[in-house]
Amino acid sequence: MARQNSTSHLDDHAGYWLRYVSNHVSHAFARKVEARGVTVAEWVLVRQMFEIGIANPSQLADAVGMTRGAVSKLIERLCRKDLVVRSTSENDRRYQTVELTAFGKNLVPTLAQLADENDREFFGHLKTQEKTWLIGLLQDMVRLHGWKDLPVD
């Protein structure tokens, strides 16, 4: 069908297609991790904690690009789920550290498998070279814009 005017359509934009794909990939992953009792934001935080080890909330906030308040709320939820334990310093009760519980440490590889499965489900049809190219293009955009915060929504 011929275009009636010069006003662009939604599907003329790369951003439209990125959002379209991202929504489907993200929603499918959210359903998978939520079936295991965590949100995507909680997954991002426990995955970073798995890598970092014992940390204070400020370090975690910096690592995931969230505010300290948002990280504190996530930590509180993760403590209630027995995935994280909080400790205070004997010298300064204001200083806290958090770390994954044994249950949390055991859950991370399971959730990582779900992330791998989700990736294969949506991108498994791509040849290795195509997937590498796609990831490279997206990483270039991240570097170009200086984005630091991790995607949690």
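Just above sits the structure.
Cut-off values and rules
- Residues numbered from 1 in each chain as written.
- Predicted model: local features only at pLDDT ≥ 70, side-chain atom pairs only at ≥ 80, totals over all residues.
- Heavy atoms only, no water.
- Buried < 20%, exposed > 50% of the residue type's maximum accessible area, 1.4 Å probe, protein only.
- Helix = DSSP H or I, 4+ residues; strand = E, 2+ residues; numbered from the N terminus.
- Arc of directions from axis to C-beta.
- Contact = heavy atoms within 4.5 Å.
- Polar contact = N/O pair within 3.5 Å; in protein donor to acceptor, adjacent residues only side chain to side chain.
- Expected span 1.5 Å × (residues − 1).
- Patch = residues over 30% accessible without salt bridge, like charges linked within 9 Å, V, L, I, M, F, W, Y side chains within 5 Å.
- Areas by Shrake-Rupley, 256 points an atom, 1.4 Å probe, with all protein chains shown as cover.
- Salt bridge = Lys/Arg side-chain N within 4 Å of Asp/Glu carboxyl O.
- Core = buried A, V, L, I, M, F, W, Y, C linked by side-chain atoms within 4.5 Å.
- Phe/Tyr/Trp six-rings, centres within 6.5 Å; stacked < 30°, edge-to-face > 60°.

*Asks:* Would you explain helix α3 (residues 57-64) in this entry?
*Replies:* An α-helix turns once per 3.6 residues; consequently, residues spaced three or four apart project the same way. Within α3, the full set of buried residues consists of Pro-57, Leu-60, Ala-61 and Val-64. Buried residues in α3, looked at end-on, bunch into an arc of 100°, giving them a common side. Tucked inside the fold, the buried residues of α3 contact α2 (40-52), α4 (68-80) and β2 (96-100). Structurally, the start of α3 carries an N-cap: the backbone nitrogen of Ser-58 is 3.0 Å from a side-chain oxygen of Asn-56.

*Asks:* Teacher, can you tell me more about the side chain of Glu-42 here?
*Replies:* Position of Glu-42 among the secondary structure elements: in helix α2. A polar atom in the side chain of Glu-42 sits 2.7 Å from the side chain of Lys-81. Contacts of Glu-42, omitting those with residues within four sequence positions, involve Gly-37, Leu-74, Arg-77, Leu-78 and Lys-81.

*Asks:* Is there a simple way to think about helix α5 (residues 102-123) in this case?
*Replies:* Spanning 22 residues, α5 covers 32 Å between terminal C-alpha atoms, matching the ideal 32 Å at 1.5 Å per step. Where α5 is concerned, the buried positions are Gly-104, Leu-107, Val-108, Leu-111, Leu-114, Asn-118 and Phe-123. Next to the buried residues of α5 lie α1 (14-34), α2, β2 and α6 (128-145).

*Asks:* I tried to follow a nonpolar patch on the surface on my own but got confused; where do I start?
*Replies:* A contiguous nonpolar surface patch, about 420 Å² in accessible area, is contributed by Leu-18, Leu-138, Met-141, Val-142 and Trp-147. Structurally, Leu-18 is set in helix α1.

*Asks:* What is the right way to read the environment of Met-141 from this model?
*Replies:* With respect to the helices and strands, Met-141 occurs in helix α6. Along the chain, Met-141 and Asn-106 lie 35 residues apart, while their C-alpha atoms are 34 Å from each other.

*Asks:* Explain the side chain of Asn-118 here, please?
*Replies:* Here Asn-118 lies in helix α5. If near-sequence neighbours (up to four positions away) are discounted, Asn-118 is found in contact with Val-25, Ala-28, Phe-29 and Lys-32.

*Asks:* Would you mind going over the nonpolar core with me for this structure?
*Replies:* Note that soluble globular proteins tend to have their nonpolar side chains buried in a common cluster. Of all hydrophobic cores here, the largest spans 29 residues; its most connected members are Leu-45, Leu-60, Val-71, Val-84 and Leu-111. Looking at this core, the elements with two or more residues in it are α1, α2, α3, α4, β2 and α5. A total of seven residues in this core trace back to one element, the largest contributor, which is α2. What Val-84 contacts, discounting residues up to four positions off in sequence, is Met-49, Ile-75, Leu-78, Cys-79, Val-98, Glu-99, Leu-100 and Thr-101.

*Asks:* Explanation requested: the packing of aromatic side chains in the structure shown.
*Replies:* By convention here, two paired aromatic rings are described through the distance between centres and the angle between planes. What the rule picks out here adds up to four aromatic pairs. On the basis of an interplanar angle of 85° and a centroid distance of 5.0 Å, the ring pair of Tyr-16 and Trp-17 is categorised as edge-to-face. Residue Tyr-16 is classed as partly exposed on the basis of its relative accessible area, which comes to 28%. Members of the aromatic cluster, each reached through a chain of ring pairs, are Tyr-16, Trp-17 and Tyr-20.

*Asks:* How should the pattern of salt bridges be read in this particular structure?
*Replies:* Across all of its chains, the model carries eight salt bridges by this definition. Measuring nitrogen to oxygen at the nearest pair gives 3.8 Å for the salt bridge that ties Arg-80 to Glu-76. Linking Arg-80 with Glu-76, this pair stays in helix α4, spanning four residues, or about one helical turn. On the basis of relative accessible area, Arg-80 is assigned to the exposed category, the value being 59%. What makes Glu-76 partly exposed here is its relative accessible area of 35%. In this structure, the salt-bridge partner of Glu-76 is Arg-86, at a minimum N-O distance of 2.6 Å. With Glu-76 in helix α4 and Arg-86 in strand β1 (residues 84-88), the pair connects residues that are 10 residues apart, well separated along the chain. Sharing partners across several salt bridges, the network here consists of Glu-42, Arg-77 and Lys-81.

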